[in-house]
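Residues per chain are reported as follows:
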Amino acid sequence: METSNKTIVEEKALKPVKISGAEAVIKCLLAEGVDLAYGYPGGAIMPIYDELYKYQDKLHHVLTRHEQGAAHAAQGFARVTGKPGIVFATSGPGATNLVTGIADAQIDSTPLVCITGQVSSHLLGSDAFQETDIIGISTPVTKWNHQITRAEEIPEVIAKAFYIAKSGRPGPVLIDITKDAQFGELDFTYKKCEKIRSYRAVPKLDIEKVKAAADLINSAKKPFIVWGQGVIIGQAEAEFKAFIEKTDIPSASTALGLSALATKHPLNVGMVGMHGNYAPNVLTNDCDVLIAIGMRFDDRVTGNLETYAKQAKVIHFDIDPAEIDKNVKTDVAVLGNVKESLTEIMAFINKGQHVAWLQEFAKLYQKECEVVINDQLNPTKEGLTMGEVVNKINQETNGDAIIVSDVGQHQMFACRYANFNKTRSSVTSGGLGTMGFALPAAIGAKMGMPEREVVAVIGDGGYQMTIQELGTILQTQVAVKIVVLNNSFLGMVRQWQELFFDKRYASTVMKNPDFVKIAEGYGIEANRVSKRENLDGAIKTMMASKEAYFLEVVIEQEDNIFPMIPTGASVSDIRLS
């Protein structure tokens, strides 16, 4: 009898636990190591939020003030940690409000796991209250999505979602769960997904391609590297640094690749692109071998494709086969994880020396300093410039802060003039160019890396698109530093209107509110400066604060970002003024 009772107890211990679908969602997240999520509740996702309440000691939920804010905050968290950001939203408008953030994450290869509630399965297709086809809507902007209508599907689908979001080229996934699936019960067990049939996350490295790339590099007289965010995503910063130091090749970053290599590294020759540095743009059309590493030849990098690096042999290191030959014809494509690729190529490359070639970059950089940079950092004009504000932040943080920038002129100034000593220190919206990104993304970045200073650099236009997320700061007390560069214009559009539309400033003048009072209304210490003599002290005070801080800096109204490649022009036609 005693043996029989013991057997019964053992069988009960081995038997899967019967729980609700909503609780299964939380248990799946905990099994994946999730302890932080962003979101906004509503009727269709209420069962999951009820379980969140029960598990709040293990999974902290941040209530943002808008679902778009939740998506961007999750992006900021993902970009600085490398872990998937987690987002919850209800059906209908809750789900559709996520779409901008999801699209931003898709094009910038940011891993997100978004979970939306949905009306009960028997109501699907009936135009029920707050029903919308979020699967159909999000299909073009997700790496993968799936609708769950039965509770027992939840563990397998969530495991698959995490695997897809994190593996290979990362991206956002969306799981839509009907309300009856949340209420339904299942026998719960969870097993992490490690592979999916027909999905190869990382292409197998072809060693012959590696050797072919090495041969081109070894014979090059004027090699040039353009690296992107793939170096950061692949955690290949050390391998990349070793590679460029052995080959002695001048290297330039895309906007999203910034901080993979220290700004002041002697082989870092700046940033390419429409508002990148003069030398790397001009000399793209003078190199004999162009080596692209973890970047996708975006149009803002290449300018006119008909005139882009036509003289050069092109080597492309990338994890995504879809990027090969998509925009620029490649001579040698090295597919695979860049960390592995750069490790393997080291055995085949020679120690390089390109003194004269590097001097060409230095000469053109000096020209850019004389025409543009010196005037930005040490201006003679009365009004403050965006470049000098970013430089003052550099001086106060010693280049160790995470800089989160929004979209517009200030973004390009932040990318151009911020100094980065550590990887994952530059967070911005690249491919989609989403105004309103920075404030919520900075919240997520600070929560992801609480030990680091996080400074959001935002324009007065983009700031007002997600200004309500000051309420998230009020509720969470997250210690982000917010710098709004206020020129009372939609600055980037205004610059184009000045240069190409005869100064017809159509709908770009901004009549702004009192930003300081608004920040103070949310319990955030705030200050405004408009004079140069007050700037140093204001930034020191902000950075010394242990809490959230808001600083408005009134900027010269018609301060433009140069250099600039006009739309449709060649990279070698970049303008200094």
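Residues numbered from 1 in each chain as written. Predicted model: local features only at pLDDT ≥ 70, side-chain atom pairs only at ≥ 80, totals over all residues. Heavy atoms only, no water.

### Here we look at the sheet that holds strand S10 (residues 251–253)
Here comes step 1: What the 6 strands build is an open sheet, ordered S11-S10-S9-S12-S13-S14; its pairing is parallel. The open sheet terminates on both sides in strands that have one partner only, identified here as strand S11 (268–271) and strand S14 (332–335). Between one strand axis and the next, the sheet turns through 20° on average, direction left out of account.
Here comes step 2: Both strand S12 (residues 289–293) and strand S13 (residues 313–318) contribute to a ladder of 5 bridges, which runs parallel. Bridging across to S13, Ala 292 finds its partner in His 316.
Here comes step 3: Packed on one face of the sheet, helix H12 (residues 237–247) meets strand S9 (223–227), S10 and S12 and runs near 165° to S9. (Pairing = 2+ DSSP bridges. Helix = DSSP H or I, 4+ residues; strand = E, 2+ residues; numbered from the N terminus. Axes fitted to C-alpha atoms, helices over the stretch in contact; angles between N-to-C directions. Contact = heavy atoms within 4.5 Å.)

### Observations concerning helix H24 (residues 532–544)
Here comes step 1: Looking only at H24, the buried set comprises Leu 535, Ala 538, Ile 539, Met 542 and Met 543. Considered in projection along H24, the buried side chains sweep an arc of 120° and stay on one side of the axis. Set apart from the buried face of H24 by more than 90 degrees, the exposed residues are Glu 533 and Ala 544.
Here comes step 2: Where H24 is buried, its residues touch helix H17 (386–397), strand S17 (454–459), strand S18 (481–486), strand S19 (525–529) and strand S20 (549–554). (Buried < 20%, exposed > 50% of the residue type's maximum accessible area, 1.4 Å probe, protein only. Arc of directions from axis to C-beta.)

### Structural notes on the pairing of strand S5 (residues 112–118)
Here comes step 1: Buried residues dominate S5, accounting for 7 of its 7 residues.
Here comes step 2: The two faces of S5 match: Leu 112, Cys 114, Thr 116 and Gln 118 on one face and Val 113, Ile 115 and Gly 117 on the other face are all buried.
Here comes step 3: Here 7 bridges tie S5 to strand S7 (residues 172–178), and the two strands are oriented parallel to one another. Across the sheet, residue Leu 112 finds its bridge partner in S7, namely Pro 172.

### Digging into the sheet that holds S17
Here comes step 1: An order of S16-S15-S17-S18-S20-S19 is seen for the 6 strands of this open sheet, with the pairing classed as parallel. Here the strands that pair on one side only, and so sit at the sheet edges, are strand S16 (426–428) and S19. Sheet twist, expressed as the average angle between the axes of neighbouring strands with direction ignored, equals 15°.
Here comes step 2: As paired strands, S18 and S20 are joined by 6 bridges and run parallel to one another. In the strand pairing of S20, Ile 482 is matched with Phe 550.
Here comes step 3: On the sheet, helix H19 (residues 438–448) packs against strand S15 (402–405), S17 and S18 and is oriented at approximately 175° with respect to S17.

### Here we look at the domain arrangement of the protein
Here comes step 1: Once the domains are mapped, the protein shows domain 1 (2–188), domain 2 (207–360) and domain 3 (382–554).
Here comes step 2: For domain 1 and domain 2, the distance between their C-alpha centroids amounts to 38 Å.
Here comes step 3: Summing the contributions of domain 1 and of domain 2, the shared interface buries around 630 Å²; its carbon and sulfur component is 53%.
Here comes step 4: A salt bridge links Glu 323 to Arg 169; the nearest nitrogen and oxygen atoms lie 2.7 Å apart.
Here comes step 5: When its residues are assigned to classes, the side of domain 1 that touches domain 2 shows 2 nonpolar, 2 polar and 3 charged. (Domains from an automatic or database assignment. Buried area = accessible area lost by both parts, 1.4 Å probe. Salt bridge = Lys/Arg side-chain N within 4 Å of Asp/Glu carboxyl O. Nonpolar A, V, L, I, M, F, W, Y, C, P; charged D, E, K, R; others polar.)

### Some remarks on the nonpolar core
Here comes step 1: Phe 224, Leu 290, Ile 403 and Val 553 are the most contacted members of the largest nonpolar core, which has 65 residues in total.
Here comes step 2: With 6 residues, helix H16 (residues 355–377) is the single largest residue contributor to this core.
Here comes step 3: Residue contributions to this core reach at least three from each of two domains, namely domain 2 (207–360) and domain 3 (382–554).
Here comes step 4: If sequence neighbours within four positions are ignored, Ile 403 has contacts with Ile 393, Ala 414, Ala 418, Phe 420, Ser 425, Ser 426, Val 427, Val 455 and Val 457.
Here comes step 5: Among the nonpolar cores identified, the runner-up in size contains 52 residues, and Ile 402, Val 427, Ala 445 and Ile 524 belong to it. (Core = buried A, V, L, I, M, F, W, Y, C linked by side-chain atoms within 4.5 Å.)

### Brief notes about the confidence of the model for the protein
The predicted structure's coordinates, where accompanied by low pLDDT, should not be read in detail.
Here comes step 1: A residue-level look at the protein finds 97% of positions with pLDDT of 70 or above and a mean pLDDT of 95.
Here comes step 2: Confidence drops under pLDDT 50 across residues 7–13; counting only partners more than four residues distant or on other chains, this segment forms 0 contacts. (pLDDT = per-residue confidence, 0-100.)

### A word on the pattern of salt bridges
Here comes step 1: Scanning the model with the defined rule gives 27 salt bridges in all.
Here comes step 2: Between Glu 360 and Lys 222 there is a salt bridge; the shortest N-O distance is 3.5 Å. Here Glu 360, found in helix H16, pairs with Lys 222, found in the loop between helix H10 (207–219) and S9; they are 138 residues apart in sequence, far enough to count as distant.
Here comes step 3: We note a salt bridge from Arg 528 to Asp 514, for which the minimum N-O separation is 2.9 Å. Of this pair, Arg 528 sits in strand S19 while Asp 514 is found in the loop between helix H22 (491–500) and helix H23 (515–521), placing the two residues 14 residues apart along the sequence.
Here comes step 4: We classify Arg 528 as partly exposed; its relative accessible area is 39%.

### Focus on H16
Here comes step 1: Between the first and last C-alpha of H16 there are merely 28 Å, a value that for 23 residues lags more than 12% behind the 33 Å anticipated at 1.5 Å per step.
Here comes step 2: At Cys 369, H16 is bent by approximately 55°, the largest bend along its length.
Here comes step 3: Buried residues of H16: Trp 357, Leu 358, Phe 361, Leu 364, Glu 368, Cys 369, Val 372, Ile 373 and Gln 376, and no others.
Here comes step 4: Turning to H16, the residues buried within the fold contact S9, S11, helix H13 (278–284), H17 and helix H18 (409–417). (Expected span 1.5 Å × (residues − 1). Bend = angle between axes of the 7 residues up to and from the residue.)

### Some points on the packing of aromatic side chains
Here comes step 1: Summed over all chains, the structure comprises 11 aromatic pairs.
Here comes step 2: For the ring pair Phe 489 and Tyr 505, a centre distance of 5.4 Å and an interplane angle of 75° mean the geometry is edge-to-face. Of the two residues, Phe 489 is situated in the loop between S18 and H22 and Tyr 505 in the loop between H22 and H23; the sequence distance between them amounts to 16 residues.
Here comes step 3: An aromatic cluster is built from Phe 224, Trp 357 and Phe 361, whose rings are joined through pairwise contacts.
Here comes step 4: If you follow Arg 416 out to its NZ or CZ, it ends over the ring of Tyr 417, 5.3 Å from the centre.
Here comes step 5: Sitting over the face of the ring of Phe 489, Arg 494 holds its NZ or CZ atom 5.6 Å from the ring centroid. (Phe/Tyr/Trp six-rings, centres within 6.5 Å; stacked < 30°, edge-to-face > 60°. Lys NZ or Arg CZ within 6 Å of the ring centre and 35° of its normal.)

### Quick look at unusual backbone geometry
Of all residues except glycine, most have a negative phi; of all peptide bonds, most are trans.
Here comes step 1: In this structure, Pro 563 follows Phe 562 across a cis peptide bond, with omega equal to 0°.
Here comes step 2: Structurally, Pro 563 is set in the segment after S20.
Here comes step 3: One non-glycine residue, Ser 259, lies in the positive phi region at around 90°.
Here comes step 4: Position of Ser 259 among the secondary structure elements: in the loop between S10 and S11.
Here comes step 5: The class for Ser 259 is buried, based on a relative accessible area of 5%.
Here comes step 6: Unusually for a residue other than glycine, Phe 297 sits at a positive phi of about 55°.

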